[in-house]
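What the coordinates show
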Amino acid sequence: MVHFVGAGPGAADLITLRGAELLKAADVVIYAGSLVNPELLQYCKDGCELHNSATMTLDEVLDVMRCAEAAGKTTVRLHTGDPSLYGAIREQMDALAENGVACDVTPGVSSLFGAAAALGAEYTLPGVSQSLIVTRLAGRTDVPEREALRDLAKHGASMALFLSSAMLPRVREELLAGGYAADTPAALVYKATWADEKIVRCTVGTLAEAGETAGIHKTALVLVGGFLGAPYEKSKLYDAAFSTAFREGPDRGGIAYLAFTENGRALAQRLRSALGGEVSCTRDGASLREWTAARFPTARALVYVGAAGIAVRAVAPYLVSKASDPAVVAVDEGGHFAIPLASGHLCGANGLALEIADVLGATAAVTTATDVNGVFAVDEWARAQGCAVAGTERIKAVSGKLLAGGSVTVNSTFPISGEPPEGIELTRSGEAEVWVDIRPHAGLTVAPRALVLGVGCRRGTTREALETRFAEFCRAKRVLPEAVRGVATIDLKENESGLLAFCTAHGWRLKTFSAEELAAVEGEFSASDFVAAATGVDNVCERAALLAAGADSEMFVRKYAGEGITFALSRVPVSLDWRLRNG
Ligand code: SAH
C-alpha cells in the first residue's frame, strides 16, 4: 500500500496525527526533500528506507514504490503542505492504479494556512473579501490562458500565489494590470512555520523590491489583498457593535446599499469604504423590489440612497419585528441626512445612521427618544459622545446584563457630567466591566478621541511601515489607537502617499504646518540637529501634535523614534456627559 501524506508546511508538529502514524509504520518513505522538513523523518522507525525525491524522476519514484509493493512493504510518499495543491500526485496515483497498486491520501496543512497563521491573518474578512484565489504565475508549468494572473486579479479578492516568488517583478506587473492598487497590502512569507521563517509585509507596488531586499526568491508564498490591511481599518466591527442579546435573530451579513443615480452610487461607495458592505445601483439593472426582497432576509442593514418614502414603501411588505428585521436607513443623495427608518437589532438603525452621519458629515435624523429598548446602549452612547469603542465583542455581554435588569460597573478616567442612566454604577475599581479611558483595558473600553498624533517620517515611508510602528508605539506607551482623533505633521509631508494612506485608513484628518509655525510653538521639545537640518525646525512630531491640538492641550507622549518614523501624542480636554444623542 502506498500512502500519500501531507507533511504540513514545515514545523514537524504540524503533520496530522494520522500522517505521523503512517510515517512511524512505513517501511519506505519517499519525501520531497526540497520542501519537507527533515525533522519529520525522525518519526520514521529504525531501518526505514528513505528516498529524497528532489533528485529523482517520476519513473524512479514509481520504481521505488513498485519494488516496495512487490516486497509487501508499506510506502509513504511525503509531500509538503497538502498534497492536493501543486503536489503532482495525480500522475503518481494513475501510474500506481495501472500497476494495480492501492493507495490513499492523508491531507496536510497547506503552507497557505501556515502563512496565514504566521501573519495572524484571516483571508475572508467580511466587507473586504469573501473569496480566496489560490493560483500561481505561469512559469515552467503553463497556466491556462483564462486563469492568467491579471484576469484573476480583477476580482480584487484575497490571493495566495504559490511557486511565484522567483518572478516578483512579473507578479507585480500582472496584479497591477488586473486592477489592484499599488498600495494594496501584500506579504511574502518564506518558509512559513519553519525555524527560519521570514515575513515581509509590503504592498503590491513594492513586492519586487521587498523580495529583493529580503533575498526571498523561493519557498515563499505571495499573499495579496485588503485582508492584510490593519484590522482596525476595514472592520468597523459594525456586526459586533450591533449584535444583541436577542439570540433568536438570524445570522445576518453586512450592509447593503442601493443607489438610484450616479451621485447616489458615489455616495454609497464612500460609505462602503468606511463601513464595509455591498453597493448596488438601479442603473446597473437592479430592481428596487427584487433587491429589497433579496437583501431583506440576509443583510444586517439596508441603506437606500434616495428618498425616505421610496425606502419605506420598499421595505413595508417585509417588516416583522425589530428583533429580527435588518436596520433600514435612508440617506439623501446630497449626503445631508441619515434617517433611521426601522431599527434592526438593538438600535442598529440609529447607530448606523450616526455612523453614516459621521462619515458624511451629515445629520442623523434620530427620532427615538432614548434607545428603543429603554436600556442604556454603551456603543450608542459612545458614538453620541464622539468616542470610539474598543473590545466591541464585549458589548453583547454588557447589553445583555442591562436588558436583564442588571447593573454594569463603569470606571471612567474622564469626568462625565449629569446623572448616569439606570443600570450604570460608577466605580474606581480595576475590575470595572466598562472603562472610559484612552488606555487599553481588559473590559469594554469607550475611548474619548482625546489624542492628536504628531508624525515625522522620511520621504517614501510606506503606510505599512507607519502601521507597524504605530501599533508598536501604542503597545509600548499603553495607548488605545482608537483614542486618536487626527494627525499632524510638517507641510513638507503633505503629499507623502504612505502617510496619507495611513491617515485615510484610520479616518484621520492630516493637519500640516510650516517650519515657522512649528518653530513658534512654545514649550520644551526633544530637539534633533538632524531634523533641524532636514526640515528647518528642531522637532516635528511633538510641536505638530501640540499645535494641532490647540489651546488647553498638553504633551501626552513625547517623541518615540525609530525606523525613520517619529510619533508623539498631545492630549486635548474632552467633556463627556451621559446623553445618548448628538449635540
Ligand atoms: N502542497 C504544497 C505546495 C507545494 S508547491 C502546500 O500545500 O503548501 C511549492 C510551493 O509552495 C513553493 O514554491 C512555495 O510557494 C509554497 N510553499 C511550500 N511550503 C512553504 C512554506 N513553508 N512557506 C511558504 N511557502 C511554501
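In what follows, the accompanying structure is described. Because the structure is predicted, anything quoted here is derived from the model rather than measured.

Here is what the cut-offs are and how they apply
Residues numbered from 1 in each chain as written. Predicted model: local features only at pLDDT ≥ 70, side-chain atom pairs only at ≥ 80, totals over all residues. Heavy atoms only, no water. Helix = DSSP H or I, 4+ residues; strand = E, 2+ residues; numbered from the N terminus. Buried < 20%, exposed > 50% of the residue type's maximum accessible area, 1.4 Å probe, protein only. Contact = heavy atoms within 4.5 Å. Areas by Shrake-Rupley, 256 points an atom, 1.4 Å probe, with all protein chains shown as cover. Lys, Arg positive; Asp, Glu negative; His and termini not counted. Charge placed at Lys NZ, Arg CZ, Asp CG, Glu CD. Arc of directions from axis to C-beta. Disulfide = S-S within 2.5 Å. 1 Å grid on protein atoms, 1.4 Å probe; cavity = no way out; pocket = protein on both sides within 12 Å on 5 of 7 lines; lining within 4 Å. Points joined across faces, edges and corners; volume = space filled by probe spheres on them. Nonpolar A, V, L, I, M, F, W, Y, C, P; charged D, E, K, R; others polar. Pairing = 2+ DSSP bridges. Axes fitted to C-alpha atoms, helices over the stretch in contact; angles between N-to-C directions. Phe/Tyr/Trp six-rings, centres within 6.5 Å; stacked < 30°, edge-to-face > 60°. Lys NZ or Arg CZ within 6 Å of the ring centre and 35° of its normal. Core = buried A, V, L, I, M, F, W, Y, C linked by side-chain atoms within 4.5 Å. Near = heavy atom within 4 Å. Polar contact = N/O pair within 3.5 Å; in protein donor to acceptor, adjacent residues only side chain to side chain. Parallel < 35°, antiparallel > 145°, perpendicular 65-115°, else oblique. Left-handed = near helix turned anticlockwise from the far one by under 90°.

1. With respect to the overall build of the protein chain
Across its full length, the protein chain carries 20 helices and 28 strands. Taken across its 583 residues, the protein chain has 51% of its residues classed as buried. The long-range share in the protein chain, meaning contacts at least 24 apart out of those at least 6 apart in sequence, stands at 65%. For the protein chain, the exposed surface amounts to about 26300 Å²; the carbon and sulfur share of it is 51%. For the protein chain, the distance from the average position of its 55 positive side-chain charges to the average position of its 68 negative side-chain charges is 2 Å.

2. Re helix 7 (residues 207-214)
Of all the positions in helix 7, only L207, A210 and G211 are classed as buried. All buried residues of helix 7 project into a common sector of 95° when viewed along the axis, lining one side. Turned more than 90 degrees from where helix 7 packs its buried face, E212 and T213 sit exposed. Contact partners of the buried residues in helix 7: helix 6 (168-178), strand 8 (185-190), strand 9 (198-203) and strand 10 (220-224). In the stretch just after helix 7, G215 is the one whose phi turns positive, near 70°.

3. Observations concerning the state of the cysteines
Covalent bonding between the sulfur atoms of two cysteines defines a disulfide. On inspection of all chains with the given rule, the structure shows 0 disulfides. Here C103 is not disulfide-linked; the sulfur of C67 is the nearest cysteine sulfur, at 17 Å. Unpaired in terms of disulfides, C457 finds its nearest cysteine sulfur in C503, a separation of 9.5 Å.

4. Notes on the layout of surface pockets
In this structure, the second largest pocket occupies an estimated 1300 Å³ of space. The wall of the second largest pocket is formed by 43 residues, among which S34, L35, T80, Y86 and L163 lie closest to the centre. Only helix 2 (58-70), strand 4 (75-79), helix 3 (90-98), strand 8 and strand 10 provide two or more residues apiece to the lining of the second largest pocket. For the lining of the second largest pocket, the per-class residue count stands at 20 nonpolar, 16 polar and 7 charged.

5. Topic: the sheet that holds strand 23 (residues 451-457)
Hydrogen bonding along the main chain pairs the strands of a sheet, whether they run parallel or antiparallel. Strands sit in the order 25-24-23-27-26 across an open sheet of 5 strands; the sheet is mixed. Looking at which strands have only one partner, the edges of the open sheet turn out to be strand 25 (509-513) and strand 26 (554-562). The sheet shows a mean angle of 25° between the axes of neighbouring strands, taken without regard to direction. Relative to strand 27 (residues 565-571), strand 23 is paired through 7 bridges, and the arrangement is antiparallel. Paired with G456 across the strands is T566, a residue of strand 27.

6. Let's talk about the packing of aromatic side chains
Describing an aromatic ring pair means giving the distance of the ring centres and the angle of the ring planes. Scanning all chains against the criterion turns up 12 aromatic pairs. Ring centres of F470 and W508 lie 5.5 Å apart, and the angle between their planes is 80°; on these two criteria the pair is classed as edge-to-face. Taken together, the positions of F470 in helix 16 (residues 463-477) and W508 in the loop between helix 17 (497-506) and strand 25 put the pair 38 residues apart, joining distant regions of the chain. Ring centres of F502 and F567 lie 6.5 Å apart, and the angle between their planes is 35°; on these two criteria the pair is classed as tilted. Within this pair, whereas F502 is found in helix 17, its partner F567 is found in strand 27, the two being separated by 65 residues in sequence. Summarising the burial analysis for this pair, F502 and F567 share the class buried. The structure contains a cluster of three or more aromatic residues connected by ring pairs, namely F470, F473, F502, W508, Y560 and F567. For K198, the ring lying beneath its charged end belongs to Y190, and the centroid distance is 5.6 Å. Its end group placed over the ring of F556, R571 keeps NZ or CZ at 5.7 Å from the ring centre.

7. Focus on the sheet that holds strand 16 (residues 363-364)
As summarised here, the arrangement of the 6 strands in space is 12-11-13-14-15-16, forming an open sheet in which the pairing is mixed. Single-partner strands in this sheet number two, and they are strand 12 (278-281) and strand 16. Examined bridge by bridge, strand 14 (residues 327-331) and strand 15 (residues 337-342) share 4 bridges and lie antiparallel to one another. Residue A330 lies in a different strand from strand 15, and its bridge partner there is I339. Each of strand 11 (255-259), strand 12 and strand 13 (301-305) touches helix 11 (residues 288-295); the most contacted strand, strand 13, lies at about 160° to it. Most of the contacts of helix 13 (residues 348-360) go to strand 14, to which it runs at about 35°, and overall it touches strand 11, strand 13, strand 14, strand 15 and strand 16.

8. Comments concerning the nonpolar core
Of all hydrophobic cores here, the largest spans 48 residues; its most connected members are L453, F470, F473 and F567. Residues L267, V303, A338 and V366 belong to the second largest nonpolar core, which totals 27 residues.

9. Thoughts on the site of the ligand
For the ligand, the set of nearby residues contains 18 residues, the closest of which are D82, L85, S111, A192 and A220. In the environment of the ligand, a nitrogen atom lies 2.8 Å from a nitrogen or oxygen atom belonging to the backbone of P9. Residue K191 places a main-chain N or O atom 3.4 Å away from a nitrogen atom belonging to the ligand. Considered on its own, the ligand offers 540 Å² of accessible surface; in the complex 96% of this is hidden by protein. Class assignment of the residues belonging to the shell around the ligand gives a composition of 11 nonpolar, 5 polar and 2 charged.

10. Let's talk about the packing of helix 16 against helix 17
Geometry of a packed helix pair, given as the angle between the helix axes and the separation of the axes. The contact between helix 16 and helix 17 brings their axes to 7 Å, and the two run at 55°. By the angle between their axes, helix 16 is oblique relative to helix 17. Crossing of helix 16 against helix 17: the hand is right-handed. Where helix 16 approaches helix 17, its residues R463, L466, E467 and F470 are matched on the opposing element by G498, L499, A501, F502, A505 and H506. By residue class, the composition of the contact of helix 16 with helix 17 is 6 nonpolar, 2 polar and 2 charged.

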